[in-house]
Amino acid sequence: MIAQAADAIRKGELRARELVESCLSRIAGLDGLLGCFLSLDGERALERAARIDEELARARQRGAGAAGPGGMRAGTREAAAEADGVLAGVPYACKDNICTRGLRTTCASRILEEYVPPYDATVVHRLARAGAILVGKTNMDEFAMGSSGENSAFFPTRNPRDTTRVPGGSSSGSAAAVAAGLVPFALGSDTGGSVRQPASFCGVVGMKPTYGRVSRYGLVAFASSLDQIGPLTLTVEDCALVMEVIAGHDPRDATSAQVSVPNYREALGRDVGGLRLGVPREYMGEGIEPGVREAVNAALRVFSDLGCVVEECSLPHTEYALAVYYLVAPAEASSNLARYDGVRYGLRVDAGDITAMYSRTRRQGFGPEVRRRIMLGTYALSAGYYDAYYLKAQRVRTLVKRDFEQAFSRYDLLLAPTSPTVAFRLGERTEDPLSMYMADVCTIPVNLAGIPAISIPCGESEGLPVGLQIMGPPFAEVTILQAAHAFEQATAGAPWRKREGERR
Amino acid sequence: MPISVREVEHVAWLARLELAGEEKQAMAEQLGRILDYMQKLREVSTEDIPPTFHALQGMTTPLREDRPEPGLHPGEALAGAPDRVGELFRVPRVGDADGDGA
């Protein structure tokens, strides 16, 4: 759908300015109810759209490609390159923990409420270079800590499919904005499932790339060994297109992998017959709602019909992944969040001496879930507990990773539910941190192992979307997208797909 | 595994995070329940299992040429400072006014 929009803009059948205007007016009409956006950048978005329209019109007059002749002024050359990009004129939204030069980046936290970054994240830069137009920054759980979108310091986001329910988290605003048709695509970040789980709850596509595949430069760090930026889109093809633009090595991120990026879209039409798919039994047992299990089982039958070999397999250390995650992630977070001390940027609460200033600033600036995780992480790293908690967790993490390595020696991909339940009601789990943590039980192992995975809509339970998770070995995004696309095509006429289309 | 309010106070000090009086008790209970859940990890034998410190194996620390590149202008780098004097961040006095820390 993005490719078609970009194509129509390129041909002059649709003006980029009209598309941005229609997004902004849809946001004006619906976002009061949904709470997807924390900041809008309408004026700059309209200016950029107009500039791209002009460039394209000029290029069409010349009757050639949009790229201008040599010797133009630098600004014009840049505009010509944008107009020639694969996403020229396509609007998008970006999670508010991804830095945008000159536009507020709050992480949905009081401590960064007024923060305006002096630089763009690499992903934002790459999307701009490809002609995509940022319309605004989306709501999220504070510092990406949460699974429901209710931990924003400002206001919660609601699920467009049922506004009494949560959209999932922490990329709550991005998933809901795409599901409600406010923007054609959005960026999120995934530390323990924060792109895939809200994609599942809202009925959209969400991908967590291999660790190191997409640059984290300019992503506000939560748990650095787990965080990865990923796209939220309506279709698998859109996901492949956005991945092509944002993936690739970045010298500014020391953990960025020097691995070439394939043409993801090219692989989409390929036959999936003969693919070996494993279904880990640990993801289909107790704790998975019957309606979710049923929808996933139906999806497995679709893959069998497509000629894939579908077999049950085992990832025996799955049951420990949640405990590992909730030690490793808070430990890294407690260290990463030490930079918010009221000195260099963000909130400062004055006090007589510097230690009191730090402590008071952090108390007033961080919300309850962030404070809880800083405490948990500091505890796990403190003298006397480091070996028993943090180091132990990192050793068990190795076993979780080995489970995947063994499974991928036998299977091309693994299939599982994205979430054990459909979207739950707002307020239902806010009092009980552990029950909230359970919402990520199916997605967390993927982050611990650093492998790629996607969530795609695969049916309904209680009238709400169910997500199918497809996991692959490191850098096998192309196989994941190929399988996801084949499933999407095979179920194009399914009744739940029709209902989904009508809602939008 | 119960956590005492004293332990909570100590960890809060390490984290430079002020906690309100009533919050300390609640934090002690919540952390206790979460850490109880973590006891699960004791079931797993991890002798001879190396810890994972990087998600992908075989990745080494990348090196680059030591070459100056354009960075942020000091004005941009300081633009978000809550309190500054010229090109410096200003903070409350560190150390004792009578001592040599001033």
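Parameters at a glance
Residues numbered from 1 in each chain as written. Chains lettered and ligands numbered in written order. Predicted model: local features only at pLDDT ≥ 70, side-chain atom pairs only at ≥ 80, totals over all residues. Heavy atoms only, no water. Helix = DSSP H or I, 4+ residues; strand = E, 2+ residues; numbered from the N terminus. Rg over C-alpha atoms; globule rule 2.2 N^0.38 Å. Buried < 20%, exposed > 50% of the residue type's maximum accessible area, 1.4 Å probe, protein only. Contact = heavy atoms within 4.5 Å. Lys, Arg positive; Asp, Glu negative; His and termini not counted. Charge placed at Lys NZ, Arg CZ, Asp CG, Glu CD. Salt bridge = Lys/Arg side-chain N within 4 Å of Asp/Glu carboxyl O. Pairing = 2+ DSSP bridges. Axes fitted to C-alpha atoms, helices over the stretch in contact; angles between N-to-C directions. Core = buried A, V, L, I, M, F, W, Y, C linked by side-chain atoms within 4.5 Å.

Engineer: I keep staring at the overall build of chain A and nothing clicks. Help me out?
Structural biologist: Tallying secondary structure elements over chain A gives 17 helices and 11 strands in all. Over its C-alpha atoms chain A spans a radius of gyration of 22 Å, differing by no more than 12% from the 23 Å that the globule rule assigns to 504 residues. Expressed as lengths along the three principal axes of its C-alpha atoms, the size of chain A is roughly 70 × 70 × 45 Å. By the burial criterion, 65% of the 504 residues in chain A qualify as buried. Taking the intrachain contacts of chain A between residues at least 6 apart in sequence as the baseline, contacts between residues at least 24 apart amount to 76%. Here chain A carries 56 positive and 58 negative side-chain charges, and the mean point of each set is 3 Å from the other.

Engineer: Hey, could you run me through the pattern of salt bridges in this one?
Structural biologist: When their charged atoms lie close together, side chains carrying opposite charge are able to pair. This structure, assessed with the given rule, holds 30 salt bridges over all chains. For Lys40 of chain B, the salt bridge goes to Glu319 of chain A, with nearest N and O atoms at 3.1 Å. One end of the pair, Lys40 of chain B, is in the loop between helix H2 (21–38) and helix H3 (74–77); the other, Glu319 of chain A, is in helix H10 (residues 318–336), on a second chain. For Glu369 of chain A, the salt bridge is made with Arg372 of chain A, and the minimal N-O distance between the two is 2.6 Å. With Glu369 of chain A and Arg372 of chain A both in helix H12 (residues 368–381), this residue pair falls three residues apart, about one helical turn. Comparing Glu369 of chain A with Arg372 of chain A shows no difference in burial state: the two are buried. Ionic contacts of the salt-bridge type, sharing partners, join the residues Asp7, Arg10 and Lys11 of chain A into one network.

Engineer: Just to check I follow, could you spell out the sheet that holds strand S9 (residues 413–417) of chain A for this structure?
Structural biologist: Strand pairing within a sheet occurs via backbone hydrogen bonds; the two strands may be parallel or antiparallel. Residue and element names in this part refer to chain A. Here we have 11 strands laid out as an open sheet, ordered S1-S3-S2-S4-S6-S5-S10-S11-S9-S7-S8, and mixed in their pairing. Among the strands making up the open sheet, the edge pair consists of strand S1 (37–40) and strand S8 (309–313). For this sheet, the mean inter-axis angle between neighbouring strands, taken without regard to orientation, is 30°. With respect to the sheet, helix H9 (residues 290–305) is in contact with strand S7 (276–280), S8, S9, strand S10 (453–461) and strand S11 (464–471), its orientation differing from that of S11 by roughly 50°.

Engineer: I would appreciate a short explanation of the environment of Phe424 of chain A in the present structure.
Structural biologist: All names here are of chain A. When you line up the elements, Phe424 lands in the loop between S9 and helix H14 (433–437). For Phe424, a relative accessible area of 3% translates into the label buried. Taking the C-alpha atoms as reference points, Phe424 and Gly218, 206 residues apart in sequence, are found 32 Å from one another. Excluding residues that lie within four positions of it along the chain, Phe424 makes contacts with Ser147, Ser148, Glu150, Arg165, Val166, Phe201, Arg429, Met436 and Ala439.

Engineer: Can you help me understand the nonpolar core in this one?
Structural biologist: One recurring pattern in soluble globular proteins is that nonpolar side chains are buried together. Residues and elements named next belong to chain A. Counting residues in each nonpolar core, the largest one holds 141 residues, and the members touching the most others are Phe143, Phe404, Ile454 and Ile470. Examining the composition of this core, we find that 11 residues originate from one element, H10, more than from any other. Apart from residues no more than four positions distant in its own chain, Phe143 is found in contact with Cys107, Ser109, Ile111, Leu112, Val220, Phe222, Leu337, Tyr340, Phe366 and Val370. In terms of nonpolar packing, the next biggest core, distinct from the first, is built from 34 residues, Ala83, Val135, Ala175 and Cys202 among them.

All quantities given are derived from atomic positions and should not be read as evidence of function.
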